[in-house]
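# Structural overview for review
Here's the letter readout for the chains.
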Amino acid sequence: MIAYLIRRILYAVPILVGVNLLTFVLFFVVNTPDDMARMQLGIKRVTPEAIEKWKQQRGYDKPMMFNRAASGTGKVSDTIFWQKSAGMFVLDFGYSDDGRSISREITKRMGPSLAIALPTFLIGLVVYVTFALLMTLFRATALDIAGVALCVLLMSISGLFYIIGGQFLVSKLWHLVPISGYDGGMGGLKFVVLPIIIGVVGSVGASSRWYRTIFLEEIGKDYVRTARAKGLSELRVLFRHVLKNAMIPILTGVVVVIPLLFMGSLLTESFFGIPGLGSYTIDAINAQDFSVVRAMVFLGSALYIVGLILTDISYTMVDPRVRLS
Amino acid sequence: MNFTAEILWSDRLVFLLLAACVASTWYVRQHEHLLLPWRRVAKSATAMVSLLVLFLFLIVGFLDSLHYRVALPEKSGGETVYSPEVLSVFDKLAEPLRTHTEKTYSAPLAVTLYAKESIADAQGNVVRDYPRLKYGGAHLANAGQRDGDVLKRALTGVVLGLLAGLLIALLLKQWLKQSEFLLRPLLISILIITGLIGMTFNLAAAYHVLGTDKVGQDVLYLSLKSIRTGLIIGTVTTLVTLPLALLFGIAAGYWRGWVDDAIQYLYTVLNSIPSVLLIAAAVLMMQVTIEMHPEWFDNSAARADLRLVFLCLILGVTSWTGLCRLLRGETLKLRELEYIQAAQAFGVSSFRILTRHIVPNVMHIILIALVMDFSGLVLAEAVLSYVGVGVDPTMISFGTMINGARLEMGREPMVWWALAAAFAFMLVLVLAANLFADAVRDAFDPRLNRSE
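About the criteria used
Residues numbered from 1 in each chain as written. Chains lettered and ligands numbered in written order. Predicted model: local features only at pLDDT ≥ 70, side-chain atom pairs only at ≥ 80, totals over all residues. Helix = DSSP H or I, 4+ residues; strand = E, 2+ residues; numbered from the N terminus. Contact = placed C-beta atoms within 7 Å. Rg over C-alpha atoms; globule rule 2.2 N^0.38 Å. Buried ≥ 20, exposed ≤ 12 C-beta atoms within 10 Å, placed from the backbone. Core = buried A, V, L, I, M, F, W, Y, C linked by C-beta atoms within 7 Å. Pairing = 2+ DSSP bridges. Axes fitted to C-alpha atoms, helices over the stretch in contact; angles between N-to-C directions. Parallel < 35°, antiparallel > 145°, perpendicular 65-115°, else oblique. Left-handed = near helix turned anticlockwise from the far one by under 90°. pLDDT = per-residue confidence, 0-100. Nonpolar A, V, L, I, M, F, W, Y, C, P; charged D, E, K, R; others polar.

### Re the overall build of chain B
In terms of helices and strands, chain B carries 16 helices and five strands. Overall size of chain B, expressed as C-alpha extent along the three principal axes, is 100 × 60 × 50 Å. Pairs at least 24 residues apart make up 72% of the contacts formed inside chain B by residues separated by at least 6 positions.

### Let's talk about the overall build of chain A
Check the secondary structure of chain A and you find 16 helices and zero strands. In summary, chain A has a C-alpha radius of gyration of 25 Å against a globular reference of 20 Å for 325 residues, an excess of more than 25%. Counting only C-alpha atoms, chain A reaches 80 × 60 × 35 Å along its principal axes. Taken over 325 residues, chain A has a buried fraction of 34%. In chain A, the proportion of contacts linking residues at least 24 apart, taken out of those at least 6 apart, comes to 66%.

### Quick word on the nonpolar core
Counting residues in hydrophobic clusters, the biggest one holds 161 residues, and the most contacted among them are V293(A), I279(B), A280(B), A281(B), L284(B), A422(B) and F436(B). The element that contributes the greatest number of residues to this core is helix α16 (residues 417-444) of chain B, accounting for 19 residues. The residues contacting F436(B), other than those within four sequence positions of it, are A47(B), S50(B), L51(B), L54(B) and V371(B). Within the second largest apolar cluster, 14 residues are counted, among which are V129(A), F131(A), L133(A) and F215(A).

### Concerning helix α15 (residues 277-286) of chain A
Two residues of an α-helix separated by three or four positions point the same way, owing to the 3.6 residues in each turn. Taken across its ten residues, α15(A) has eight buried, putting it largely inside the fold. Against the buried residues of α15(A) lie α6 (102-137), α14 (266-272) and α16 (290-318) of chain A together with α10 (275-292) and α14 (350-387) of chain B.

### Some words on the pairing of strand β5 (residues 126-129) of chain B
Residue and element names in this part refer to chain B. In terms of strand pairing, strand β4 (residues 117-120) meets β5 through four bridges, oriented antiparallel. In the sheet register, E117 faces β5, and the bridge partner there is D129. The loop that links β4 with its antiparallel partner β5 comprises five residues; one of these, G124, has a positive phi angle of about 90°.

### Considering the packing of helix α1 (residues 2-29) of chain A against helix α9 (residues 257-272) of chain B
The N-to-C vectors of α1(A) and α9(B) enclose an angle of 65°; their axes lie 9 Å apart at closest approach. Accordingly, the angle class assigned to the pair α1(A) and α9(B) is roughly perpendicular. When you trace α1(A) past α9(B), the crossing you get is right-handed. Only Y265(B), T268(B), V269(B) and S272(B) of α9(B) make contact with α1(A), whose side of the interface consists of I15(A), G18(A), V19(A) and L22(A).

### Points about the sheet that holds strand β3 (residues 82-88) of chain B
All names here are of chain B. Strand order in the open sheet formed by three strands is β1-β2-β3, and the pairing between neighbours is antiparallel. Each end of this open sheet is capped by a strand with a single partner; those strands are β1 (3-5) and β3. Within this sheet the neighbouring strands show an average axis-to-axis angle of 30°, counted without direction. Across three bridges, β1 lies against strand β2 (residues 67-71) in antiparallel orientation. Note that in β2 the partner of T4 across the bridge is R69.

### Overview of the confidence of the model for chain A
Residues with a pLDDT of 70 or more make up 97% of chain A, whose mean pLDDT is 84. Looking at the elements of chain A, mean pLDDT is at its lowest for helix α4 (residues 74-77) of chain A, recorded as 70, and at its highest for helix α7 (residues 142-155) of chain A, recorded as 93.

### Here's the deal with the interface of chain A and chain B
Between chain A and chain B, the residue contacts involve 41 residues of the former and 37 residues of the latter. Elements supplying a minimum of two residues to the side of chain A that touches chain B: α1, α2 (33-41), α7, α8 (159-173), α14, α15 and α16 of chain A. At eight residues, α16(A) tops the list of elements feeding residues into the side of chain A that touches chain B. Looking at the side of chain A that touches chain B residue by residue, the class counts come to 29 nonpolar, eleven polar and one charged.

### Side note on unusual backbone geometry
Of note, the phi angle at A140(A) is positive, near 65°, even though the residue is not glycine. Within the element layout of this structure, A140(A) appears in the loop between α6 and α7. For A140(A), a count of 8 C-beta atoms within 10 Å corresponds to the exposed category. One non-glycine residue, R256(B), lies in the positive phi region at around 50°. If you trace the backbone, R256(B) turns up in the loop between α8 (219-255) and α9. Assessed through the 14 C-beta atoms surrounding it within 10 Å, R256(B) is described here as partly exposed.

### Some points on the packing of helix α12 (residues 321-334) of chain B against α14(B)
All names here are of chain B. Two elements in contact, α12 and α14, have axes whose closest approach is 10 Å; the angle formed by their N-to-C orientations is 150°. Considering their axes alone, α12 and α14 lie roughly antiparallel with respect to each other. The crossing of α12 and α14 is right-handed. On α14, the residues that touch L323, L326, L327, E330, T331 and L334 of α12 are I358, N361, V362, I365 and A369. Considering only residue class, the contact of α12 with α14 consists of eight nonpolar, two polar and one charged.

### Considering the environment of L210(B)
Residues and elements named next belong to chain B. With respect to the secondary-structure elements, L210 resides in the loop between α7 (183-204) and α8. Accessibility expressed as a C-beta count within 10 Å gives 26 for L210, which makes it buried. L210 sits 173 residues away from P37 along the chain, and the two C-alpha atoms are 40 Å apart. Beyond its immediate sequence surroundings of up to four residues, L210 is in contact with P108, V219, L220, S223, W417 and A421.

### A closer look at the confidence of the model for chain B
Here chain B averages 86 in pLDDT, and 97% of its residues register 70 or above. At the level of chain-chain contacts, confidence expressed as ipTM amounts to 0.87, with global pTM at 0.90.

### A short note on the environment of V257(A)
Tracing the backbone through its elements, the reader meets V257(A) in the loop between α13 (247-254) and α14. Residues V257(A) and A115(A), 142 residues apart in the sequence, show an inter-C-alpha distance of 15 Å.

Structure below.
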């Protein structure tokens, strides 16, 4: 188990290197730092001196990958790649354009993101699985067909609509919760309720439908017939046998996203004014703050890889047949 | 009137896609075994109705893809100069909608503006009141007659539309008498749709059916224009996804070994970056490139259009991995089958095995994946435009419409019509696409048992 884990982690390294190289190419080679400086300073009437100054302030005035002028290890380390990209491996993200430490911002903003994302995830899981189980229980009846039709309808509605509609209905018409804002502790409860509900409702269509297909696939198998033959009630078959055996395909889709919960949701956070990582990313995109976007890309992929490893571990826990070696 | 055809990059891709569709339809018609699953699609009522709806959207999108520029009134030089404004055939057809712009917001079917203004009446007294619209209901002597007039127009519109629909339905019934189509739901929906269209037409002649937006543009016109953007994002992206996924997926599955390792590495790397972030990063970089090269475009339409094409390219590059994995798995399975081994034993070249035996046998996966992806892409456009990494802000799309209307939520009374129109049009498009995709999947998926 431990050996397997170590191997998996080692396997993650080349992937992170790939991500890092990709972001480096995207952010520094497709457009040179000169282009970015011109973009930030305004296209017209920008002097070469201003560009140089902009580059120098942000440390973009070095060679890309290899510094001929420097000596010793400086040949490699005194470059844009080393200073801006390689540091991300040790979670050193550098500074944003307004001069703040990105790492500190990230640790500060993880909490609010998680306060929305984690409850959404957990409540969502319970709701979707329950809904899907109900549809499976009443399969091939009018209830099931109505359920599937509802799912298709719900998944055809834009995610933006849920947010805007929810804010309008709950906050503006009914005045139940504030439209946006955030507060730590119990006082923040009134701020997070609506985003969580909307998050759950927003993907009820696609998720429930997906779980329903998984359950229906399981229900055609031989062990289900055996369980029914020995006289178990349909409910017992569903909960004791089908649900347990459907865990593997469910886990594949679910565990991967757990680490990504830290990243928060771009849309929800920016609409509800929650100071999490999602709104941080949106602000950075709008302000064209490349170093923040770069950091978030790297962080996101690192968390995704953690998710993949967690998925493998979770298999061994629910399925005794799986041995990691 | 003089004009010159202006073929934008996205238009070229649309024509290419259309040609591919026509060619493959012709090919499928020649081969009974390929036609069989489509017959199953044709038997599904929901599929045919949603196809009808999609078809209407496609017509609007296609008309909106035939661009031209009008010649400006000739000056002394003698050389014809063309207006920098790029119009489409659809714009010409909907000219009243396009040109009848009001001052600012007005509610659907309203005869007055949304906000009060100081107006001088006949006696010269200045009063605060809702000013009348320039075009919406301008034929009415006073605003009180509106309800009756709207009702009259709507009813005549519905009746005319139904008559036209009846004609179409009768023709269609004659034409399809021998075929196995389920006609009744199709005919009913034709009647409903023509009735709606008739009503909208008749009302749009005198009112702004869905109101006007901040700069007074007709929301119905904006919604119809958005269709093209949505369709292009949903379809042109597949032009990028398809070759990448097909090439890499089949190569990885067929040759295995280091080819497989390399391709798997590539798609794990791409997959591990959260897609919105990757798209955002790529679009930001594209923006810089476009800003740096203003000399590439002669007019703003070409620039917005190129950005749209780039967006499709980026969406394609970030979304081929899912299909690639499916194709790789299927190829791994196929290459072990007897007929492939037989072909290998006969010394058939790899290229020929791939094109003759493997590609035709994974076609159903490709088709299912493409139709399933379409609706997701249309929805993604709106989200990306909201985030600020979508289409050009000057390009009319569902995303830009929502984005523009969103800020007006706080007004009192609320400006809801632009939002509602964008969401409703998007819902109809995506719902039709989803239903059609489901029917296609059911018909093509060999894993489903059928007793036929």
